[in-house]
Structures are given as structure tokens and as C-alpha cells.
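Spelled out, the chains give:
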Amino acid sequence: MSELVHLACIMDGNGRWAQAKGLKRTDGHKQGAYAAEKVAKGCIKNGIKFLTLYCFSTENWRRPKEEVDYLMGLLSLQVQANIPKFNKLGIRILFLGNKDGIPESSYNGILKAVEATRNNSILTVQLAINYGGWDEISRAANKALESGITHFSPETLLSFLDNPSVPSPDMIVRSAGEYRLSGFMLLQSNYAEFGFYEKLWPDWDESMVELILEDFHNRTRKYGGIKN
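Report follows, based on the coordinates. (Residues numbered from 1 in each chain as written. Predicted model: local features only at pLDDT ≥ 70, side-chain atom pairs only at ≥ 80, totals over all residues. Heavy atoms only, no water.)

### Some remarks on the sheet that holds strand E2 (residues 50-57)
Right, on to step 1. Here we have six strands laid out as an open sheet, ordered E3-E4-E2-E1-E5-E6, and parallel in their pairing. Lying at the two open borders of the sheet, with one neighbouring strand each, are strand E3 (91-96) and strand E6 (193-196). The mean inter-strand angle of the sheet, taken between neighbouring strand axes irrespective of direction, is 20 degrees.
Right, on to step 2. Where strand E1 (residues 6-10) meets E2, five bridges bridge the pair, whose relative direction is parallel. Each bridged residue has a counterpart across the sheet, and for Leu 7 the counterpart in E2 is Leu 51.
Right, on to step 3. Packing against the sheet, helix H5 (residues 104-116) makes contact with E3 and strand E4 (123-131), and its axis sits at approximately 145 degrees to E3. (Pairing = 2+ DSSP bridges. Helix = DSSP H or I, 4+ residues; strand = E, 2+ residues; numbered from the N terminus. Axes fitted to C-alpha atoms, helices over the stretch in contact; angles between N-to-C directions. Contact = heavy atoms within 4.5 Å.)

### Focus on helix H2 (residues 25-45)
Right, on to step 1. The end-to-end C-alpha distance of H2, which contains 21 residues, comes to 30 Å, matching closely the 30 Å that a straight helix rising 1.5 Å per residue would cover.
Right, on to step 2. Listed in full, the buried residues belonging to H2 are Thr 26, Gly 28, His 29, Gly 32, Ala 35, Ala 36, Val 39, Ala 40, Gly 42 and Cys 43. The buried residues of H2 occupy an angular sector of 155 degrees when the element is viewed end-on, so they sit on one face.
Right, on to step 3. One or two residues past the end of H2 sits Gly 47, with phi positive at roughly 75 degrees. (Expected span 1.5 Å × (residues − 1). Buried < 20%, exposed > 50% of the residue type's maximum accessible area, 1.4 Å probe, protein only. Arc of directions from axis to C-beta.)

### Observations regarding the side chain of Asn 60
Right, on to step 1. On the secondary structure map, Asn 60 appears in the loop between E2 and helix H3 (65-81).
Right, on to step 2. A distance of 2.8 Å separates a polar atom in the side chain of Asn 60 from the backbone nitrogen of Ser 57. (Polar contact = N/O pair within 3.5 Å; in protein donor to acceptor, adjacent residues only side chain to side chain.)

### Looking at the packing of H2 against helix H8 (residues 206-217)
Right, on to step 1. With their axes 7 Å apart at the nearest point, H2 and H8 run at an angle of 50 degrees to one another. Considered as vectors, H2 and H8 are oriented oblique to each other. Between H2 and H8 lies a crossing whose hand is right-handed. Packed against H2, whose contacting residues are Lys 38, Val 39, Lys 41, Gly 42, Cys 43 and Lys 45, the element H8 presents Glu 206, Val 209 and Glu 210 at the interface. (Parallel < 35°, antiparallel > 145°, perpendicular 65-115°, else oblique. Left-handed = near helix turned anticlockwise from the far one by under 90°.)

### Brief notes about the nonpolar core
Right, on to step 1. Grouped together as the largest cluster of nonpolar side chains are 43 residues, with contacts concentrated most on Leu 7, Leu 51, Leu 53, Ile 129, Trp 201 and Trp 204.
Right, on to step 2. Trp 201 has contacts with Cys 9, Met 11, Asp 12, Asn 14, Gly 32, Ala 35, Ala 36, Val 39, Leu 53 and Ser 175, leaving out every residue within four places of it along the chain.
Right, on to step 3. Ala 8, Ile 10, Leu 96 and Ala 192 belong to the second largest nonpolar core, which has ten residues in total. (Core = buried A, V, L, I, M, F, W, Y, C linked by side-chain atoms within 4.5 Å.)

### Overview of the layout of surface pockets
Right, on to step 1. Approximately 870 Å³ is the volume attributed to the largest pocket.
Right, on to step 2. Put simply, the parts of the chain that give the lining of the largest pocket at least two residues each are helix H1 (14-20), H2, E2, H3, helix H4 (83-89), E3 and E4.
Right, on to step 3. The biggest single contributor to the lining of the largest pocket is H2, with eight residues.
Right, on to step 4. Its volume calculated, the second largest pocket comes out at about 200 Å³.
Right, on to step 5. Lining the second largest pocket we find 13 residues, and of these Ser 168, Leu 187, Gln 188, Asn 190 and Tyr 191 sit closest to its centre. (1 Å grid on protein atoms, 1.4 Å probe; cavity = no way out; pocket = protein on both sides within 12 Å on 5 of 7 lines; lining within 4 Å. Points joined across faces, edges and corners; volume = space filled by probe spheres on them.)

### Here we look at the pattern of salt bridges
Right, on to step 1. Under the criterion given, the structure shown has 15 salt bridges.
Right, on to step 2. Between Arg 118 and Glu 115 there is a salt bridge; the shortest N-O distance is 2.7 Å.
Right, on to step 3. A relative accessible area of 48% places Glu 115 in the partly exposed class.
Right, on to step 4. Between Lys 143 and Asp 162 there is a salt bridge, with the nearest N and O atoms lying 4.0 Å from each other. One end of the pair, Lys 143, is in helix H6 (residues 133-146); the other, Asp 162, is in the loop between helix H7 (154-158) and strand E5 (171-174), with 19 residues separating them in the sequence.
Right, on to step 5. A residue is classified by how much of its surface remains accessible, and Lys 143, at 33% relative accessible area, is partly exposed. (Salt bridge = Lys/Arg side-chain N within 4 Å of Asp/Glu carboxyl O.)

### A look at the environment of Phe 160
Right, on to step 1. Mapped onto the secondary structure, Phe 160 falls in the loop between H7 and E5.
Right, on to step 2. When its relative accessible area of 18% is taken as the criterion, Phe 160 is described as buried.
Right, on to step 3. Through-space distance from the C-alpha of Phe 160 to that of Ala 113 is 23 Å; in sequence the pair is 47 residues apart.
Right, on to step 4. With residues up to four places along the chain from it excluded, the contact list for Phe 160 reads Ala 140, Lys 143, Ala 144, Ser 147 and Ile 149.

So, to be careful, I would describe these as geometric facts and stop short of saying anything about function.
Next up, the structure:
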């Protein structure tokens, strides 16, 4: 049986969740942050070592400015406020994405959490903010070229990604019944399993991690070969 080491989540449905309850979209994002905490606890409970959360894509800047500003503030404030909890639970925070364009105060707040949790080892949580797969790949290629490499293998390119020490995801999941990657971890998803679930992200909790694990363990991972 394959082990689920790295779970990556495309968090979708915050706005729809809020609208269905007659709330503001920002209320949905706030509830979504609580859901992320529950999923992280579910990962710890089940021995998953890496969790990547798709918080804000390079295309999400097209949303209304009020919503974007709220999201940037929420992300920064939440990670800073939860530093004591992260340290208690053994959660290490990593930033994944392009810092260019992120408000300086928000980025610095996230870096505080990265630094304050760097020695934790129970669960590593990558926060994908201003993230796009094409953007990460192009930045990795440019870093490789700047280092003097002009011909490189896929493994070399992987080594220039934002967090090369983090293994590629074993399973990528998405909430709210959407069936697309939306540019998420395009290089690292090469042999990931996929799971698409109807439940809106703010309603996710530890039980969803149990469901995902059950689905994952029912898959046969052959990596292009033949299963004996």
C-alpha cells in the first residue's frame, strides 16, 4: 500500500458557501481559514507529513480589489496569530509562490511565521500565495540559467523550484465540485493521484482527510509500469 506523504489542496467554494448563507464573500474566506486548520490537524492525526494549500493564484488578482485586499490581510494575520499554535502542534510554514506583487506588510507577516516555525517537523504546510504553475516553472528555469546551467534534466529543473526539499504531492484534491488544476503544481503533479469532492471548502474538516486517505489507498500507483 502506498503511503500518502504529501497532500495538496485546491481550496474552492468559499464565496459560494457565504452566498448560500446570505453572508459576504469575505465571511466565506474567514471560514475557509478555519477549515484549513481542521484539515491540517487531520493530516497530523493521520501521519501526513506535507500539506500544500492553494490560497491565492496568480490569476486571483482579477477579483474585486476589496476581496483581494481582505484575502491578503487575512492570510498574513492568520499565520501570525497562529504561530503559538503552529509551534505547539509542530507545524512548519513555508511560502510557495511569487513574492512580487504581494503587499510588503502581508509578505513580511508570512515570513515571520516561516522563521518562527522553521524548526518544527511534524507537518510542513506550504502556503501557495500568488502562485501559478507556469510562473514557478519559468522562475525555476531563469534561476537555473542564471546559475550557469544551459541544459538541464527534469530533476535539475525540480531542484530550482521554490521549495525543492518538499516532495511532489502524492494526491491533489479540490473542493466544490470543480474538475481542473487551475495551474496548480503543474510540474510536481506528474504522477499525483487526483480527488474531486463536492463539499465546499469551508465545510471541510478532519473527516475529509479520512475520506481522502480511503480514496488514495484504493488507487493503484504504477508510475508507467505494470502492477504485479
